[in-house]
Amino acid sequence: MTTQTPSPAAAPLHWKLVIDAAAPHTQADFWAAALGYVVEDNSTLVGQLLEQGALPPAAAVEFHGRLAFRDLIAVRHPDDPYDEATGTGLGRRLLFQRVPEPKTAKNRLHLDLHVGAERRTAEVERLEALGAALVRHVREPAGEWVVMTDPEGNEFCVQ
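What counts and what doesn't
- Residues numbered from 1 in each chain as written.
- Predicted model: local features only at pLDDT ≥ 70, side-chain atom pairs only at ≥ 80, totals over all residues.
- Heavy atoms only, no water.
- Helix = DSSP H or I, 4+ residues; strand = E, 2+ residues; numbered from the N terminus.
- Buried < 20%, exposed > 50% of the residue type's maximum accessible area, 1.4 Å probe, protein only.
- Contact = heavy atoms within 4.5 Å.
- Salt bridge = Lys/Arg side-chain N within 4 Å of Asp/Glu carboxyl O.

## Description of the side chain of Asn42
Reasoning step 1: Residue position: Asn42 is located in the loop between strand E2 (38-39) and helix H2 (43-52).
Reasoning step 2: What makes Asn42 buried here is its relative accessible area of 9%.
Reasoning step 3: When neighbours within four sequence positions are excluded, Asn42 is seen to be in contact with Leu67, Phe69, Thr86, Gly87 and Thr88.

Here it is, written out as C-alpha cells:
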C-alpha cells in the first residue's frame, strides 16, 4: 500500500460528524444547548423542495415554528459560516439522523467537552439539567474527567 502526501495547494476537507438518533430534533436541542451551538434553519430549503415536489410532505415537520427535515437536523458553531440559501453550516457541525434501531453498544466515537477542572462540577450539573446522565468519575495518572450520556445514551466526557 502506498500513501500519497497531499499537495500543498490541497484545501482541507469539509466534514461533519453524523450521529444516529431515535429523536434527532431532541438530540439537536440537547447538543446545541450543551455546546453553545445553534440549530440549523433549513426551512427555506425544505420549503423549496416541498414546492418542487422533490420532498414528500411526510418528510417535513414543523420544528421551533419553522419547516425542517423530519429525519435529520444539524447544529453548528454560531461563529462558523453557513450557506444562507440552505441554512447549511460550512464549519463545525453535528448532524443527527433518524435510525430505526436503538443504541445497543458502547460508542466507537465520542465527544470530549473541555471545560477545565475549575468548571467541571458546574458543567456536569448544567448538562444533567439539560437531560444528560452521569455515568462515572475517572481519576487516572493521565488526568481526570467525568463520563456522561446524552438523552439517548451516547457517551461523552467532560474534562
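Having put the structure on the table, let's press on.
## With respect to the pattern of salt bridges
Between side chains of opposite charge, a pair can form when the charged atoms approach closely.
Reasoning step 1: Evaluation of the coordinates by the stated rule reveals 10 salt bridges.
Reasoning step 2: Residue Glu155 pairs with Lys103 through a salt bridge whose shortest N-O separation is 3.5 Å. Within this pair, whereas Glu155 is found in strand E10 (residues 155-158), its partner Lys103 is found in the loop between strand E6 (93-98) and strand E7 (111-113), the two being separated by 52 residues in sequence.
Reasoning step 3: Between Glu144 and Arg120 there is a salt bridge whose closest N-O contact spans 3.5 Å.

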